[in-house]
Amino acid sequence: MSARPAHIVIVEDEPITRSALVSYLGSFGYRISECDTAEKAEKILAQGTADLLIADINLQGKDGLEITREQRARSEIGIILLSGRTDDVDRIVGLELGADDYVCKPFNRRELLARVKNLLRRTAAMRALTRKVFHFNGLTFDVASRQVTSAAGEQIVLTRAEYELLRVFVTNPGTVMGRDRLIMAITHRQDGTNTRTIDVLVQRLRAKLGDDPKAPRIFTTSHGEGYVFTAQLD
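Only a predicted model underlies this, so the values are computations on that prediction, with no experimental measurement involved. (Residues numbered from 1 in each chain as written. Predicted model: local features only at pLDDT ≥ 70, side-chain atom pairs only at ≥ 80, totals over all residues. Heavy atoms only, no water.)

Colleague: Please explain the sheet that holds strand β6 (residues 133-136) as it appears in this structure.
Modeller: Backbone-to-backbone hydrogen bonds pair the strands of a sheet. The strands run either parallel or antiparallel. With antiparallel pairing, four strands are arranged side by side in an open sheet as β6-β7-β8-β9. Edge strands, defined here as strands with exactly one partner in the open sheet, are β6 and β9 (155-156). Here two bridges tie strand β8 (residues 147-149) to β9, and the two strands are oriented antiparallel to one another. Note on β9: the bridge partner recorded for T149 is Q155. (Pairing = 2+ DSSP bridges. Helix = DSSP H or I, 4+ residues; strand = E, 2+ residues; numbered from the N terminus.)

Take a look at the structure:
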């Protein structure tokens, strides 16, 4: 039985650009759904069959940044934003809101295809993880919903970087994780990100998850190497 083709939703209100995207990506066997507003795209995305969203930032009505923020809160669908503007503001805001990639118009079709393929591979690998729920130290970590719940049933809010770091730790228990390796787990790291960022993120996770840095039970420091997830997974 062959695997189903990846489902890509394209929301672009410029007809020529949208038609070109649909034709080009469709020629590689992808299932394409097209629309010209975010509201129409949401109806398709609500069906839960889409693997990737390609959205123009400058849509009429609800724009690409807003649909990115809303979809990222609901799922780990791959998101590529398109924009005719070349300044960094939209790119930075889009990535901070949870977009996985950002492409400026006019774009090279082959480069866009390469980005689509790479992102689909990443989201497929992530789906393999998101079917899991982890229990440790009285906490419940639901990877699919990106939620951590305390023993008392309270939600512990994580930033995207904190979530990504915790996901790497719980899927590699007992393994010394070097700071360089952990840096690579942060999807939206900016140029200039250094290993000190990992120390700060671990400190924040310890504070949120109730892990005493003087006697850690979840994140143990391996001096000169990195960190180890030492909590017992139930």
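Now that the structure has been shown, we can carry on.
Colleague: Explain the packing of aromatic side chains here, please?
Modeller: Two descriptors summarise a pair of aromatic rings, namely the distance from one centre to the other and the angle between the planes of the rings. As enumerated under the stated definition, the model contains six aromatic pairs in all. Centre to centre, the rings of Y24 and F28 are 5.1 Å apart; their planes meet at 75 degrees, and the pair counts as edge-to-face. Taking the relative accessible area as the measure of exposure, F28 reaches 41% and is therefore partly exposed. An aromatic cluster is present here, built from F136, F169, F219 and F229 joined pairwise through their rings. The ring of Y163 is capped by R146, whose NZ or CZ atom sits 5.4 Å from the centre of that ring. (Phe/Tyr/Trp six-rings, centres within 6.5 Å; stacked < 30°, edge-to-face > 60°. Buried < 20%, exposed > 50% of the residue type's maximum accessible area, 1.4 Å probe, protein only. Lys NZ or Arg CZ within 6 Å of the ring centre and 35° of its normal.)

Colleague: Help me out: how do you make sense of the sheet that holds strand β5 (residues 101-104) in this one?
Modeller: Pairing in this open sheet of five strands is parallel, and the strands run β2-β1-β3-β4-β5 from one edge to the other. Both edges of this open sheet fall to β2 (31-35) and β5, since each of them pairs with a single strand only. Going from strand to strand, the sheet's axes swing by 20 degrees on average, the running direction of each strand aside. Sheet analysis places strand β1 (residues 7-11) next to strand β3 (residues 52-56), joined by four bridges and oriented parallel. What sits directly across from V9, in β3, is L53. Strand contacts of helix α3 (residues 64-74): β3 and β4 (78-83), with the helix running at about 170 degrees to β4, the strand carrying the most contacts. (Axes fitted to C-alpha atoms, helices over the stretch in contact; angles between N-to-C directions. Contact = heavy atoms within 4.5 Å.)

Colleague: What is the right way to look at the pairing of strand β12 (residues 226-229) in this model?
Modeller: The side chains of a regular strand alternate, first on one face of the sheet and then on the other. Two strands pair when backbone bridges link them, and strand β10 (residues 176-178) and β12 are joined in this way by three bridges, in the antiparallel orientation. Its bridge partner being in β12, V176 is matched across the sheet by V228. By the bridge criterion, four bridges tie strand β11 (residues 219-222) to β12 in an arrangement that is antiparallel. When the bridges of β12 are listed, T221 appears paired with Y227. Between β11 and β12, which pair antiparallel one after the other, the connecting turn spans three residues, and G224 there sits at a positive phi close to 80 degrees.

Colleague: What's the story with the packing of helix α6 (residues 160-170) against helix α8 (residues 196-209) in this structure? I'm lost.
Modeller: Helix packing geometry: the angle between the two helix axes and the distance between the axes. It is at 10 Å that the axes of α6 and α8 come closest, and there the two elements cross at 85 degrees. Accordingly, the angle class assigned to the pair α6 and α8 is roughly perpendicular. On α8, the residues that touch A161, E162, L165, L166 and F169 of α6 are I198, L201, V202, R204, L205, K208 and L209. Its residues assigned to classes, the contact of α6 with α8 shows nine nonpolar, no polar and three charged. (Parallel < 35°, antiparallel > 145°, perpendicular 65-115°, else oblique. Nonpolar A, V, L, I, M, F, W, Y, C, P; charged D, E, K, R; others polar.)

Colleague: Explain the nonpolar core to me, please; I cannot follow it from the model alone.
Modeller: Counting residues in each nonpolar core, the largest one holds 30 residues, and the members touching the most others are F136, F141, L166, F169, L209, F219 and F229. Contributing elements (two or more residues each) for this core: β6, β7 (139-142), α6, α7 (179-184), α8 and β12. Examining the composition of this core, we find that seven residues originate from one element, α6, more than from any other. Sequence-distant contacts of L209, defined by excluding residues within four places in its chain, comprise F136, L139, V148, I156, L166, I218 and F219. (Core = buried A, V, L, I, M, F, W, Y, C linked by side-chain atoms within 4.5 Å.)

Colleague: Quick question: what am I supposed to make of the pairing of β3 here?
Modeller: In terms of burial, β3 is largely enclosed, as five of its five residues are buried. The alternating pattern of β3 places L52, I54 and D56 on one face and L53 and A55 on the opposite face, and all of these are buried. Looking at chain direction, β3 and β4 are connected through five bridges and run parallel. Bridging from a neighbouring strand, I54 pairs with I80 of β4.

These figures come from the coordinates and say nothing about function on their own.
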